[in-house]
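# Summary of the model geometry
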Amino acid sequence: MHRRGVGAGAIAKKKLAEARYKERGNVLAEDQIVQMSKQIETFKSHLEEFASKHKQEIRKNSQFRVQFQEMCATIGVDPLASGKGFWSEMLGVGDFYYELGVQIIEVCLALKHRNGGLITLDELHQRVLKGRGKYAQDVSQDDLVRAIKKLKAMGNGFGMIPVGGSYLVQSVPAELNMDHTVVLQLAEKKGYVTVSEIKEHLKWERERSCHVLDHLLKEGLAWLDSQAAGEPQYWLPALFSEISSRDVTPDEANQMTP
Amino acid sequence: MNETLVIQQRGVKLYDGDDKAKLDVGVVLLTTHRLIWRDHKNHECCIALSLSQIIYFEEQAAGIGKSAKIVIHLYPVTANKEPGPYQQSKFPYIKLSFKEHGQIEFFRRLTEEMTQKRWETPVPLTISTATGSQTGKTRAVGIVGIERKIEQKRKETEQNISEAFEDLSQLMVKAKEMVELSRSIANKIKDKHGDITEDETIRFKSYLLSMGIANPVTRETHGSGTNYHMQLAKQLGDMLLAPLEERGGMMALTEVYCLVNRARGMELLSPEDLVNACKMFESMQLPLRLRVFDSGVMVVQLQSHSEEEMIASALDNVTDKGSLTSEEFAKLLGLSVLLSKERLLLAEKMGHLCRDDSVEGLRFYPNLF
C-alpha cells in the first residue's frame, strides 16, 4: 500500500532533495538564518565599539547625523524604524528623533486652531527650539524633516509641501492636490492671494480659482478678508510672520483639542 | 589669568548695528578675555573686542528667512582705541547672526564669561597689557598664540570627525552584508527553498527589526510583529484603558504616541513600533482595536465602543440639536474635533446623516431621505 507524502519514505526523499540542493552549492534558508544569527552578534559588538567612540558626535553634530542617515538609506537600512533596533538602542539616534516627533505633534496641535494644520518649516523649527529650552541639544531642519517622515506611519496626514524654497508642514488629513499646492506657493510672498492674481499668474478661469480658494477656506487653511480694498483677499495664517501673531498659552492649547 | 578659548561657532555674520558689515560669514570665537571674529576664508582677517567693552547683550529670535542673532551693546569708544576696520560707527551695538545655529550654546557661554569676568582676575607674573604702544605688540602675540590653539583644536576636531566617518563607513560595509544576507533569506522563504519553522521565522523577523531592515516577508503569524511588539501590545492594553475612557473611547494614534512616549521618558517607541503593536490587539485578544478611517486618520478605540453605538449616538445628538458641525459635536461629547468629525462622517457613510457643505463650515443633518 502506497501512502503519498508521509512516512519514512517521504522523509528520506526530502532529505535526499535537500542534500542535492546543498551539493549544488545552494544554501538552505534555515542554514542562512543560523549564519545570520552569528553575524548579528558580531555586528552588534562592532556597533557597540562604534558607539563608545562616536556616540557624542551623533548627538552634537547635525552634519554627521545627515551623513549617517544617508549612508543608512544607501544600504537599505532604516535606523529609525524601531526603538528596539540596534541603532536606536546603542547610538541613541532613536530617542532623539522620536522625542522630536512628540514635540512636532504638540506644536502643530497647539497652532491648528489658528492655521488650520499648515505651518512653515521655519516657524515649526523656531517653536520647537523654543520649546526645548536654552540648554537643549541643537536641532536642524534636516532633523525635523526626518522626524516628520517617520510620523507619516501613524496616519493623520503628516506631509510636506514645497513652497518658496522651503516647505509647509501639513499635520491634518486635509486633501491638498496640485491645484491647492500651487495656490499656496503663489500666496507665499505676501501671505495672501486674490482671485485676480490667480487668474493672472496661473491663467486659470474664475471658477477653478474660486473652487480652490473655497476648499482652503473650508479646511480652515485660509481666512477671508472681504473688506480689503479692491477685491477680497484670502489670507493664509500658516504664512504669517511669527512676530505679528499672538502666541497661544499652554492653558489655551490644552483647551484646544485636535 | 591666561586667555583661553571657551567656545567657537562657525557660520556667523557680523552686523555693525543694523547694517551688515562689509565682511563675509566667518567664525566667532569666545575666549575668557575677548570676543573674536575671523573670516572663514582669510584667517588673517580678524576682529577682536574685549569682553570688558560689553555693557550687555541679548538674544534676538529668528524669524522667517532671518537667522537668530545675539545683539551686543558696547561702551562708547575711548580715545586711544586701537585701529581696526571700523574707526567709528553710528551704532552703539553690534550683532552676531548665526546662520548655522549654535546661538543657544554660545549665548550660554557668553553669559557665563560675562558673569565670571575671568579677565579681571589678577595673575602675579604677567606682562602688563594696559594702554600704550605696548598693547599693539602684545595683542599680536596674543592672537598668534590663540590662533595656534584654535588651529590645533580644529585639526583635532577634524581628526575626530574624519575618524568617525571612516569608522562609520566600515560599519556600513558590514551592515550592507547583513542586508544582502537577509534578502537572500527572504527570497528563499518565498521560493520555499528549505523548511522554516515558525520559531525561525520569528527569529528572522527580530533580526530584521534589530537591523532596521524592512520586512519583505509577511506571514499570517503575527504579520510584521515580533515578540517585542506583542509585549508592547500588552503594555498598551493596560496603559490606554483609562485615557480612552476619558476621551469617549477613542484616541488618534498621534495622541497615543505622545502620551506613551512622554510617560516613558526614555527608550521611546518609534511610530512604526506603535503601529505594529496596535495591529496585534485583535490577535492577542486585547480589548482595544486599531482602526483606520477613510481619511487616513488612525485611531485606537475601545472594543466595547461598537460601531453601531457610535453611529446611533451621533444620530441622536444631531437629531436632538437639529444639526451639528464637528466643532459643536466635539464640545458636546468632550471629544477632539478630528475624531468627532470622523464619527459624523461614518454616520453619513451609513446613510444616517447628510451634509451641508458651505464656506461657513460643514454641517450635518439627520438624513430624512
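Residues numbered from 1 in each chain as written. Chains lettered and ligands numbered in written order. Predicted model: local features only at pLDDT ≥ 70, side-chain atom pairs only at ≥ 80, totals over all residues. Heavy atoms only, no water.

### What to know about the sheet that holds strand β11 (residues 324-325) of chain B
Residue and element names in this part refer to chain B. To keep things clear, this is the line we draw: Only strands joined by at least two bridges in the DSSP assignment are considered to pair. Secondary structure elements are taken from DSSP: a helix is a run of H or I of four residues or more, a strand is a run of E of two residues or more, and numbering for both begins at the N terminus. Contact between two residues is taken to exist if any of their heavy atoms lie within 4.5 Å; hydrogens are not considered. Only the contacting stretch of a helix is used when fitting its axis, a line to C-alpha atoms as for every element, and angles between N-to-C directions run 0 to 180 degrees.
Pairing in this open sheet of three strands is antiparallel, and the strands run β11-β13-β12 from one edge to the other. Across the chains shown, the open sheet's two edge strands, defined by having one partner strand only, are β11 and β12 (353-358). Packing of helix α8 (residues 307-321) onto the sheet brings it into contact with β11, β12 and β13 (361-366), and relative to β13 it is tilted by some 95 degrees. On the sheet, helix α10 (residues 337-349) packs against β11, β12 and β13 and is oriented at approximately 120 degrees with respect to β12.

### A word on the interface of chain B and chain A
Test applied: Here the buried area means the combined drop in accessible surface, using a 1.4 Å probe, for two parts upon being joined, counting both sides. Any carboxyl oxygen of Asp or Glu within 4 Å of a side-chain nitrogen of Lys or Arg constitutes a salt bridge here. What qualifies as a polar contact is a pair of N or O atoms within 3.5 Å, subject to a donor-acceptor requirement within protein and to the restriction that residues adjacent in sequence count only when both atoms come from side chains. Following the grouping adopted for this structure description, the nonpolar residues are Ala, Val, Leu, Ile, Met, Phe, Trp, Tyr, Cys and Pro, the charged ones are Asp, Glu, Lys and Arg, and the polar ones are all others, Gly among them.
At the junction of the two partners, chain B supplies 74 residues and chain A supplies 74 residues. Both faces considered, chain B and chain A share a buried interface measuring about 6,800 Å² in area, 68% of it formed by carbon and sulfur atoms. Linking chain B with chain A are five salt bridges. Notably, a salt bridge pairs K53 of chain A with D167 of chain B, separated by 3.0 Å at the nearest N-O pair. Linking chain B to chain A there are 15 residue pairs in polar contact (both at pLDDT 80 or more). Only α1 (103-116), α2 (134-191), α3 (198-211), α6 (253-264), α7 (271-278), α10 and β12 of chain B provide two or more residues apiece to the side of chain B that touches chain A. Counting residues per element, the side of chain B that touches chain A draws most heavily on α2 of chain B, at 22 residues. Of the residues assigned to the side of chain B that touches chain A, the class counts are 38 nonpolar, 18 polar and 18 charged.

### Quick word on the layout of surface pockets
Empty space among the atoms becomes visible once a probe the size of a water molecule is rolled across them. Threshold: Think of a 1 Å grid over the protein atoms and nothing else: a 1.4 Å probe that fits but is trapped marks a cavity, an open set flanked by protein within 12 Å on at least five of seven lines marks a pocket, and residues with an atom within 4 Å of a point count as lining. Grid points are joined across faces, edges and corners, and a volume is the space filled by probe spheres set on the points.
Considering only enclosed or pocket space, the second largest pocket measures out at about 1,900 Å³ in volume. Along the wall of the second largest pocket there are 46 residues; nearest its centre are K60 and N61 of chain A together with Q8, Q9 and R10 of chain B. Elements with a contribution of two residues or more to the lining of the second largest pocket: α2 (29-60) and α3 (62-75) of chain A together with β1 (5-16), β2 (19-31), α1 and α2 of chain B. For the lining of the second largest pocket, the leading source of residues is α2 of chain B, giving eight residues. Here the lining of the second largest pocket is built from residues that sort into 13 nonpolar, 17 polar and 16 charged.

### What about helix α4 (residues 227-239) of chain B?
An α-helical turn contains 3.6 residues, so any two residues separated by three or four positions project in the same direction. Residue and element names in this part refer to chain B. For the record, the criterion: Every helix has an expected span of 1.5 Å times one less than the residues it contains. Here the term buried applies to any residue with accessible area under 20% of the maximum for its type, exposed to any over 50%, and partly exposed to those in between, with areas from a 1.4 Å probe on protein chains only.
Given a rise of 1.5 Å per residue, 13 residues ought to cover 18 Å, and the 18 Å separating the end C-alpha atoms of α4 matches this to within 8%. Residues of α4 that are buried include every one of Y228, H229, L232, A233, L236 and G237, and no others. Where α4 is buried, its residues touch α3, α5 (241-246), α6, α7 and β9 (288-292).

### Brief notes about the nonpolar core
For clarity, the threshold we go by: The term nonpolar core refers to a set of buried residues drawn from Ala, Val, Leu, Ile, Met, Phe, Trp, Tyr and Cys, joined through side-chain atoms within 4.5 Å.
Within the largest apolar cluster, 89 residues are counted, with the highest numbers of intra-cluster contacts made by W87 and I104 of chain A. Per-element accounting of this core gives the leading share, eleven residues, to helix α5 (residues 93-115) of chain A. In terms of nonpolar packing, the next biggest core, distinct from the first, is built from 24 residues, V28, F57, I72 and F107 of chain B among them.

### Here's the deal with the side chain of H180 of chain A
One can find H180 of chain A in helix α8 (residues 178-187). When near neighbours in sequence (up to four residues on either side) are disregarded, H180 of chain A contacts E175, V212, H215 and L216 of chain A.

### Brief notes about a positive patch on the surface
So the rule is basically this: Each patch groups residues whose relative accessible area exceeds 30% and which form no salt bridge, using 9 Å between like charges and 5 Å between nonpolar side chains of Val, Leu, Ile, Met, Phe, Trp and Tyr. Each accessible area value is a Shrake-Rupley result obtained with a 1.4 Å probe; residue values ignore everything except the protein chains displayed when judging cover. In summary, the charge assignment counts Lys and Arg as positive and Asp and Glu as negative, without counting His or the chain termini. Taken as the charge location is NZ of Lys, CZ of Arg, CG of Asp or CD of Glu.
On the surface, K55, R59 and K60 of chain A together with K153 of chain B cluster together into a patch of positive charge. The element that contributes the greatest number of residues to the positive patch is α2 of chain A, accounting for three residues.

### Thoughts on the environment of F158 of chain A
Checked against the element boundaries, F158 of chain A lands in the loop between α7 (141-151) and β2 (159-163). F158 of chain A sits eleven residues away from V169 of chain A along the chain, and the two C-alpha atoms are 7.2 Å apart.

### Description of the pattern of salt bridges
All told, the structure shown has 25 salt bridges over all chains when counted by the stated rule. With a shortest N-O distance of 3.8 Å, R289 of chain B and E282 of chain B are connected by a salt bridge. Relative accessible area serves as the criterion here: at 18%, R289 of chain B is assigned to the buried category. Salt bridges linked by common partners bring K218 of chain A together with E348, R355 and D357 of chain B together as one network.

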